[in-house]
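# Overview (structure and organization)
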Amino acid sequence: MTVRVLFFASLQNVVGSSELPFDVADGATASDLFQQLSLRWQGLGPYRKVLRVACGAEFVGWDHVLHAGDEVALLPPVSGG
Amino acid sequence: MTVRVLFFASLQNVVGSSELPFDVADGATASDLFQQLSLRWQGLGPYRKVLRVACGAEFVGWDHVLHAGDEVALLPPVSGG
Amino acid sequence: MVADLIQLTETPISVDDCLNAVRRDDCGAVVLFLGTVRNQTGGQPVDRLDYQAYPPLALTEMEKLAAEARAKWTLGNLALWHRHGSLGPGEISVCVAVSSGHRVEAFEAGRWLIDTLKSTVPLWKKEVGPDGEVWIEGDARV
Amino acid sequence: MVADLIQLTETPISVDDCLNAVRRDDCGAVVLFLGTVRNQTGGQPVDRLDYQAYPPLALTEMEKLAAEARAKWTLGNLALWHRHGSLGPGEISVCVAVSSGHRVEAFEAGRWLIDTLKSTVPLWKKEVGPDGEVWIEGDARV
């Protein structure tokens, strides 16, 4: 199945994009998605421990099960204000 | 000699005026002035312990010696803001 | 660099003037406090507040407050503007604004300035309501 | 009673709109915080800050902050307005305004709102200067 992945801040430099579709196995979790993304863009790996993840514009845990068409956002530590 | 006395807030109700000339002996202090004012307006007495006094638009102590023409202000606890 | 703005007027306070006085390209934070006239106090309706000032001494004291705040914190600019005369509900009686590099200083200085202004500067308010008038003098109602 | 104002826009923040949203006749205090773009950081010149947001989640989080502040303090109204896009020195990136009966609540809530907004809401800034660009992510410069 395909999900849409959003990248913010310096993640966009690592991936070279702010948003892209990505194929994962049925029943994949956010953690599975991140692992596969890290295989393709190895620069992502070190972010894992500081990232938050959202699905459908809501914060979720890494064990959140994804569905086809989900919008998954990878969120580095924030710096608004 | 004559000084000009300014009254603020509820002191104006006690004295019936916001400002008046008042005669004191040469060499009188702010404390002497207050004592004489209290003889004329007995309602002033209870204010003594909470009042501050200014002379020439500067805070002074009660032992401050007055001069003819001084502007002496009697200042209740403040409530701006 | 614009100078500090320290005013005591019977005319309305300009919040824009206060913000313009303190905003600076080298400061990342502005804290502004407005005191406004409430339409009630302790459940009793208030028609207006009459503010009285001893202007020359009040201005001197406000300038001292600004200098003391600068000695305590690293600040950009300050604005202290108090109004006197008769004010209706919702009107602004006092504006304190301060800028600084980062927000901690601006919050601390803003809070200290309004606290200290209220307890030291020769200004008094009289509450006027349907049941009469009362002067506020420190914690006392006279 | 005007409703709370919670906005995330690329257009400039209106401080007037924020003040109008929070000023109330039953409140005696307004505290307003502005975050503004500094022309330098750590001694290095800054030409502009590029703010990025994840708008749907950022707005949800800002609404949560407003609700949490109301649970912690007795408040009048709140305004939370963050801008995104490219901002030059002196421009306002964020405005927090809050009214309350007395000043203690407005100061505490205003301080808590900006502190919590900065540490939780999905917004990021990139510093752009003569030596290049750097993303700020929490305490890190990436």
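Okay, so let's go over this structure. (Residues numbered from 1 in each chain as written. Chains lettered and ligands numbered in written order. Predicted model: local features only at pLDDT ≥ 70, side-chain atom pairs only at ≥ 80, totals over all residues. Heavy atoms only, no water.)

### What about the sheet that holds strand β1 (residues 5–9) of chain D?
- Strand order in the open sheet formed by 8 strands is β1(C)-β6(C)-β8(C)-β2(C)-β2(D)-β8(D)-β6(D)-β1(D), with mixed pairing between adjacent strands. In this open sheet, the two strands that pair with only one neighbour each are β1 (5–9) of chain C together with β1 of chain D. Averaged over all neighbouring strand pairs, the angle between strand axes comes to 5°, with direction disregarded.
- For strand β2 (residues 29–36) of chain C and strand β2 (residues 29–36) of chain D, the ladder comprises 7 bridges, and the chain directions are antiparallel. By the bridge assignment, A29 of chain C is partnered in β2 of chain D with G35 of chain D.
- Contacting β1, β2, β6 (78–83) and β8 (92–100) of chain C together with β2 of chain D, helix α1 (residues 15–22) of chain C crosses the sheet at an angle of about 15° to β8 of chain C.
- Each of β1 and β6 of chain C is contacted by helix α2 (residues 55–72) of chain C, which is oriented at about 155° to β1 of chain C, the strand it contacts most. (Pairing = 2+ DSSP bridges. Helix = DSSP H or I, 4+ residues; strand = E, 2+ residues; numbered from the N terminus. Axes fitted to C-alpha atoms, helices over the stretch in contact; angles between N-to-C directions. Contact = heavy atoms within 4.5 Å.)

### What about the arrangement of the chains?
- Most contacts, when the 3 pairs of chains in contact are compared, are made between chains C and D.
- There is a clear gap between chain A and chain B: no contact, and 29 Å between their nearest C-alpha atoms.
- In this view chain B stays clear of chain D, with the nearest C-alpha atoms of the two still 9 Å from each other.

### Brief notes about the packing of helix α2 (residues 55–72) of chain D against helix α3 (residues 103–120) of chain D
All names here are of chain D.
- Running from N to C, α2 and α3 point in directions that differ by 145°, and their axes come no closer than 11 Å. The element α2 and its partner α3 pack so that their crossing is right-handed. Between α2 and α3, the residues in contact are L65, A66, E68, A69 and K72 and W112, L113, T116, L117 and T120, respectively.
- Here the residues of the contact of α2 with α3 are counted per class, giving 6 nonpolar, 2 polar and 2 charged. (Left-handed = near helix turned anticlockwise from the far one by under 90°. Nonpolar A, V, L, I, M, F, W, Y, C, P; charged D, E, K, R; others polar.)

### A few points about the sheet that holds strand β2 (residues 19–23) of chain A
Residue and element names in this part refer to chain A.
- Across the sheet, which stays open at both edges, the 5 strands sit in the order β2-β1-β5-β3-β4 with mixed pairing between neighbours. Whereas interior strands pair on both sides, the edge strands pair on one side only; in this sheet they are β2 and β4 (58–60). Direction aside, the axes of adjacent strands within the sheet are offset by 35° on average.
- As paired strands, strand β3 (residues 52–55) and strand β5 (residues 71–75) are joined by 4 bridges and run antiparallel to one another. Looking across to β5, one finds that A54 is bridged to A73.

### A word on the pattern of salt bridges
- Taken as a whole, this structure holds 23 salt bridges over all chains when the rule is applied.
- With its nearest N and O atoms 2.7 Å apart, the salt bridge here joins R103 of chain D to D115 of chain C. Taken as a pair, R103 of chain D in helix α3 and D115 of chain C in helix α3 (residues 103–120) lie in two separate chains rather than in one.
- Residue class for R103 of chain D comes out partly exposed when judged on its relative accessible area of 22%.
- Judged by relative accessible area, D115 of chain C falls into the partly exposed class, the value being 25%.
- Three or more residues joined by partner-sharing salt bridges are found here, namely R48, D50, K126 and E133 of chain D. (Salt bridge = Lys/Arg side-chain N within 4 Å of Asp/Glu carboxyl O. Buried < 20%, exposed > 50% of the residue type's maximum accessible area, 1.4 Å probe, protein only.)

### Focus: the nonpolar core
- Ranked by size, the top nonpolar core spans 52 residues in total, and within it F33 and L113 of chain C together with F33 and L113 of chain D carry the most contacts.
- Residue contacts for F33 of chain C: discarding those within four places in its chain leaves V94, C95, V96 and I114 of chain C together with A29, V30, V31, R103 and F107 of chain D. (Core = buried A, V, L, I, M, F, W, Y, C linked by side-chain atoms within 4.5 Å.)

### Things to note about the pairing of β2 of chain C
- Counting buried residues along β2 of chain C, 8 of its 8 residues qualify, which places the element largely inside the surrounding structure.
- On β2 of chain C, burial covers both faces: A29, V31, F33 and G35 of chain C on one face and V30, L32, L34 and T36 of chain C on the other are all buried.

### Notes on α2 of chain D
- For α2 of chain D, which comprises 18 residues, the first-to-last C-alpha distance of 26 Å matches the rise-based estimate of 26 Å (1.5 Å per residue) to within 8%.
- Here α2 of chain D has its buried residues at L57, A58, E61, M62, L65, A66 and A69 of chain D.
- Buried residues along α2 of chain D sit in contact with β3, β4 and β5 of chain A together with β1, β6 (78–83) and α3 of chain D. (Expected span 1.5 Å × (residues − 1).)

### Comments concerning the interface of chain D and chain A
- At the interface, 24 residues of chain D touch 22 residues of chain A.
- Between chain D and chain A, roughly 1,800 Å² of surface is buried when both sides are summed, and carbon and sulfur atoms account for 57% of that area.
- Of all residues in chain D, Y54, W124 and E137 of chain D bury the most surface against chain A, accounting for 34% of the area lost on that side.
- Across the chain D-chain A interface, the total number found is 0 salt bridges.
- Summed over the shared surface of chain D and chain A, the result is 16 residue pairs in polar contact (both at pLDDT 80 or more).
- Elements supplying a minimum of two residues to the side of chain D that touches chain A: β5 (48–53), α2, β8 (92–100), α3, β9 (123–129) and β10 (132–137) of chain D. (Buried area = accessible area lost by both parts, 1.4 Å probe. Polar contact = N/O pair within 3.5 Å; in protein donor to acceptor, adjacent residues only side chain to side chain.)

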